[in-house]
Amino acid sequence: MTDADAVPEQAPLDIFLPSPPPDAEAQESFLDEAAALALDGQPITVYLQDEDAWAFEECEPVRSLLESAGDGVLPVTLLGLDIVVSSVYPTSAQMQRFAAEGGAPRERRSAAASACGPVGEGAAPMPRKAGGFAAQLMGAAPAPNLPAGGPDIGRRRNLMGGDTGEGLP
């Protein structure tokens, strides 16, 4: 068997369920699907609120979510320490996708780095030049498609610009 034929390692899922469930039939159906996936080799651990209270206390993401949002947020599905589903039972397809994607090697990036646009080899550099009215305040020439002097503020007074009038109208 070559590396290309190897089955990627699946990441374990931890699923925290309410006890008693608001919809016993839906929870029973979910448990049947989870058991079938577990029998096929997918790593799934299910915790019930009344039987496994210790797990609800020891798992910081679940404990914090329950403290802030209450029991209505259950069920909660975790992939590692990341909450991937809350308030609904995950489908079989979701559980398979989470386990497959979570086990795949990937570069960890912070949310701030992800929000800053594309990175990596071949990515265009981010512009480092101020534009618009802020640039005009810093002494740059006005852009040809923007009005000079900033936005029209009507009869309002510009308190940031040192307005020394007789007070606000």
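In this text the structure is predicted, and so the values were computed from the model without any measurement.

Caption draft 1: Structural detail: the pairing of strand 1 (residues 13-17). The element strand 1 is largely enclosed, with a buried count of 4 among its 5 residues. Direction of pairing for strand 1 relative to strand 2 (residues 44-48): parallel, over a ladder of 5 bridges. Pairing of Ile15 across the sheet is with Val46, part of strand 2. Following the chain from strand 1 across helix 1 (residues 24-39) to the adjacent parallel strand 2, one finds a crossover that is right-handed. Both strand 1 and strand 3 (residues 76-79) contribute to a ladder of 4 bridges, which runs antiparallel. Within strand 3, the residue paired with Asp14 across the bridge is Leu78.

Caption draft 2: Representation of the side chain of Gln49. Mapped onto the fold, Gln49 is located in the loop between strand 2 and helix 2 (53-58). For Gln49, a relative accessible area of 19% puts it in the buried group.

Caption draft 3: Examining the nonpolar core more closely. In this structure, Ile15, Phe30, Ile44 and Met95 are the most contacted members of the largest nonpolar core, which totals 13 residues. Elements represented by at least two residues in this core include exactly strand 1, helix 1, strand 2 and helix 4 (92-103). If we ignore the near neighbours within four places in the chain, the residues touching Phe30 are Ile15, Leu17, Tyr89, Pro90 and Met95. Within the second largest apolar cluster, 12 residues are counted, among which are Phe16, Val62, Leu65 and Val73.

Caption draft 4: Main features of the confidence of the model for the chain. In this model, the chain carries a mean pLDDT of 75, and residues with pLDDT of at least 70 account for 56%. Scored below 50 in pLDDT, residues 113-117 makes 3 contacts in the model with residues more than four places away or belonging to other chains.

Caption draft 5: Up close: the packing of aromatic side chains. Taken as a whole and assessed by the stated rule, the structure comprises 4 aromatic pairs. Centre to centre, the rings of Phe16 and Tyr47 are 4.8 Å apart; their planes meet at 25°, and the pair counts as stacked. Of this pair, Phe16 sits in strand 1 while Tyr47 sits in strand 2, and the two are 31 residues apart along the sequence. When sorted by exposure, Phe16 lands in the same class as Tyr47, which is buried. Taking 5.1 Å as the distance between ring centres and 85° as the angle between the ring planes, the aromatic pair formed by Phe16 and Phe56 counts as edge-to-face. Within this pair, whereas Phe16 is found in strand 1, its partner Phe56 is found in helix 2, the two being separated by 40 residues in sequence.

Caption draft 6: Looking closely at the pattern of salt bridges. Counting across every chain of the model gives 1 salt bridge. Note that Arg63 is salt-bridged to Glu67, the shortest N-O span being 4.0 Å. Of the two residues, Arg63 and Glu67 both sit in helix 3 (residues 60-69), 4 residues apart, roughly one turn of that helix. Using a relative accessible area of 26% as the deciding quantity, one classes Arg63 as partly exposed. Judged by relative accessible area, which is 62%, Glu67 ranks as exposed.

Basis of the calculations
- All chains use their own residue numbering, which begins from 1 and follows the written sequence.
- Note on the predicted model: pLDDT of at least 70 is required for a residue's local features to be given, and 80 or more for side-chain atom pairs to be given and counted; whole-chain, interface and lining totals, by contrast, use all residues.
- For the side-chain quantities, the full set of heavy atoms in the structure was used; hydrogens and water were omitted.
- Buried, partly exposed and exposed residues are distinguished by accessible area as a fraction of the type maximum, computed with a 1.4 Å probe on protein chains only: under 20%, between the cut-offs, and over 50%, respectively.
- Labels follow the DSSP assignment, with helices taken as runs of H or I lasting at least four residues and strands as runs of E lasting at least two, numbered in each case from the N terminus.
- Here, a strand pair is defined by DSSP locating no fewer than two bridges between the strands.
- A clockwise path from the first strand over the helix to the second, with the strands pointing away from the viewer, defines a right-handed crossover.
- Definition used in this section: a nonpolar core is a set of buried Ala, Val, Leu, Ile, Met, Phe, Trp, Tyr and Cys residues joined via side-chain atoms within 4.5 Å.
- Should any heavy atoms of two residues lie within 4.5 Å, those residues are counted as being in contact.
- A residue's pLDDT is the predictor's confidence in that residue, given on a scale from 0 to 100.
- Two rings from Phe, Tyr or Trp (for Trp, the six-membered ring) form a pair when their centres sit within 6.5 Å of each other. Planes less than 30 degrees apart are called stacked, planes more than 60 degrees apart edge-to-face, and all others tilted.
- The term salt bridge refers to a pairing of a side-chain nitrogen on Lys or Arg with a carboxyl oxygen on Asp or Glu at a separation within 4 Å.

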